[in-house]
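# Observations on the model geometry
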Amino acid sequence: MDESLSLLLEGYGWLPDRRRRSPNGVVRTRLMGQRAIGLCGPDAARFFYDENHIRRHGAIPGPVQSTLFGHGALHTLDGAAHRHRKSPFLSLVTDESIADLTRSVCAAWDDNAWPVDKPVVLFDEAARVLTRGVTRWAGLHTTGEMAKDLVAMVDGFATPGPRHWRARAARRRQEAALARTVTMARSTTVPAGTAVDLLSRFEENGELLSPRLAAVELLNVIRPTVAVCWFVAFAAHALHHWPEHRELLRAGGDAYALAFAHELRRFYPFAPFIAGHAVKDLSWQGEHIPAGALVLLDLYGQNHDSSLWTDPYTFRPGRLLNHEIGAFELVPQGAGDPHTGHRCPGEPFTVGILRALAVRLARLDFRFPKQDWTISLRRVPARPADGAILIPQQPDREGISCTPMEIRSPS
């Protein structure tokens, strides 16, 4: 029986629930009319990220390409073509660049006009701050609707109805605007080494990417950065429910801030799973996987697997304090080596920004009003129901020192 509707209704719990019902933890079902096999765990992640086993081409549904990634994006490529398209992204992920982007976002946060004694929806405010920070770093100008559009693309990728159609409209607007930016960048001088510079000049098969495709990939730099607003709202949720972490963050210890950021990414829901097609007939721990079958890797389930994490539904940053994380262990943004596989190349940006903003949030003088803190696991992507409302008591001008040493590339 095809379970596409069940997936839409159950969200993050759908695949872990099916895995619990299976005697060996392997799920056999159908999605979107295709045979599907669900796997979980570090060994499954190694299996999934082996290009001799799984390819991504054709596995990302059209509606997801029309909202989240863009049609023709690097996420839809495999092998040499994928590695080549990914090269400008990887060239941006250096210690210096991570430090520069984090400083830019920190500056946008510090310059933000926090209204005293008035409610602020942190999710929305963080999206605006992140948009200002990442566009400045990328060599772009922020437009009034950009933050809303970037959030809409993420918010509507996994659901039918109004959120999905807002996401499609947002992508069309931003692709068209950035295609014009790319065209202009090719005839003018733009800051060297910025994202807009690298992607406007990037070539495949001896030719520049079309302006639209360059715009798609430029959005795949800035959109995931703005999506950190989900985790900033989750940070507020954690500080509300476990306020003891606030003083530890306020102290400014870099190791604790990093552990807090990693635990946010482990504990709170973001991507439920990723999917690819079996390249050929395969065998996984004695289970036959036919060629062409849809293979699902359960990210949310792995991040809450009691065989990997003691008390996985307890928020405890200390578990990751000075912990060397394996490439196939903590998988909120995928697994493996981003240089050779499909793991998100921008993950170090997410971690660097999140740990800096978590400290800034902890140091902001505010109180939480009464609100709905519910996080529905049926909603993908999940978020606090009211967006994490806070009431600033005074503008935060103390901040933290965003030095290159403090915001070095996270491990």
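### What about unusual backbone geometry?
Most peptide bonds are trans, and most residues other than glycine sit at a negative phi. The omega torsion across Val 380 and Pro 381 is -5 degrees, close enough to zero to call that bond cis. Along the chain, the position of Pro 381 falls in the loop between strand E11 (366-367) and strand E12 (389-392). Unlike most non-glycine residues, Asp 311 shows phi in positive territory, near 45 degrees. Relative to the assigned elements, Asp 311 resides in the loop between helix H15 (299-303) and helix H16 (347-363). Classification of Asp 311 by relative accessible area gives partly exposed; the value is 46%. Residue Ala 388 is not a glycine yet carries a positive backbone phi of 70 degrees. Its location among the elements puts Ala 388 in the loop between E11 and E12.

### Observations regarding the packing of aromatic side chains
Using the criterion set out here, one finds 19 aromatic pairs in the structure. Centre to centre, the rings of Tyr 12 and Tyr 300 are 5.5 Å apart; their planes meet at 55 degrees, and the pair counts as tilted. Here the residue Tyr 12 occupies a position in the loop between helix H1 (4-10) and helix H2 (14-21), and Tyr 300 occupies one in helix H15, the gap between them amounting to 288 residues. Each of the two residues, Tyr 12 as well as Tyr 300, counts as buried. When the ring of Trp 230 is compared with that of Phe 270, the centres are 6.3 Å apart and the planes differ by 75 degrees; the resulting orientation is edge-to-face. Highlighted residues: Trp 230 in helix H12 (residues 228-241) and Phe 270 in the loop between helix H14 (254-267) and strand E7 (273-278), separated in sequence by 40 residues. A network of ring pairs unites the aromatic residues Phe 123, Trp 230, Phe 231, Phe 234, Trp 242, Phe 260, Phe 267, Tyr 268, Phe 270 and Phe 315 as a single cluster. One Lys or Arg, Arg 246, reaches over the ring of Phe 366 and ends 4.1 Å from the middle of that ring. Across from the ring centre of Phe 123, 3.8 Å away, lies the NZ or CZ of Arg 383, which sits over that ring.

### Describing the nonpolar core
Within soluble globular proteins, side chains that are nonpolar tend to cluster in buried spots. The biggest cluster of nonpolar side chains holds 90 residues, and the ones touching the most others in it are Leu 122, Ile 222, Leu 249, Phe 260, Leu 264 and Leu 361. Of the residues forming this core, the biggest block, eleven residues, is contributed by H12. With residues near it in sequence (within four places) discarded, Leu 122 still touches Trp 109, Trp 114, Val 232, Ala 233, Ala 236, Leu 361, Gly 387, Ala 388 and Leu 390. With 20 residues, the next largest nonpolar core counts Val 26, Leu 39, Leu 297 and Val 331 among its residues.

### A short note on the sheet that holds E11
The strands making up a sheet are joined through hydrogen bonds of the backbone, oriented either antiparallel or parallel. Sheet architecture is open: three strands sit in the order E4-E12-E11, paired in antiparallel fashion. Looking at which strands have only one partner, the edges of the open sheet turn out to be strand E4 (120-121) and E11. Judged from the two bridges that link them, E11 and E12 form a sheet pairing that is antiparallel. Within E12, the residue paired with Arg 367 across the bridge is Ile 391.

### A short note on the packing of helix H7 (residues 122-138) against H12
The description of two helices packed together rests on the angle between their axes and the distance between the axes. In the contact formed by H7 and H12, the axes pass within 8 Å of each other and the chain directions differ by 140 degrees. Classified by the angle their axes make, H7 and H12 are oblique. Where H7 crosses over H12, the handedness of that crossing is right-handed. In contact with Leu 122, Phe 123, Ala 126, Ala 127 and Leu 130 of H7, H12 contributes Val 228, Cys 229, Trp 230, Val 232, Ala 233 and Ala 236. Class assignment for the residues of the contact of H7 with H12 results in eleven nonpolar, no polar and no charged.

Rules behind the numbers
Residues numbered from 1 in each chain as written. Predicted model: local features only at pLDDT ≥ 70, side-chain atom pairs only at ≥ 80, totals over all residues. Heavy atoms only, no water. Helix = DSSP H or I, 4+ residues; strand = E, 2+ residues; numbered from the N terminus. Buried < 20%, exposed > 50% of the residue type's maximum accessible area, 1.4 Å probe, protein only. Phe/Tyr/Trp six-rings, centres within 6.5 Å; stacked < 30°, edge-to-face > 60°. Lys NZ or Arg CZ within 6 Å of the ring centre and 35° of its normal. Core = buried A, V, L, I, M, F, W, Y, C linked by side-chain atoms within 4.5 Å. Contact = heavy atoms within 4.5 Å. Pairing = 2+ DSSP bridges. Axes fitted to C-alpha atoms, helices over the stretch in contact; angles between N-to-C directions. Parallel < 35°, antiparallel > 145°, perpendicular 65-115°, else oblique. Left-handed = near helix turned anticlockwise from the far one by under 90°. Nonpolar A, V, L, I, M, F, W, Y, C, P; charged D, E, K, R; others polar.

That's the geometry; what it means functionally is another story.
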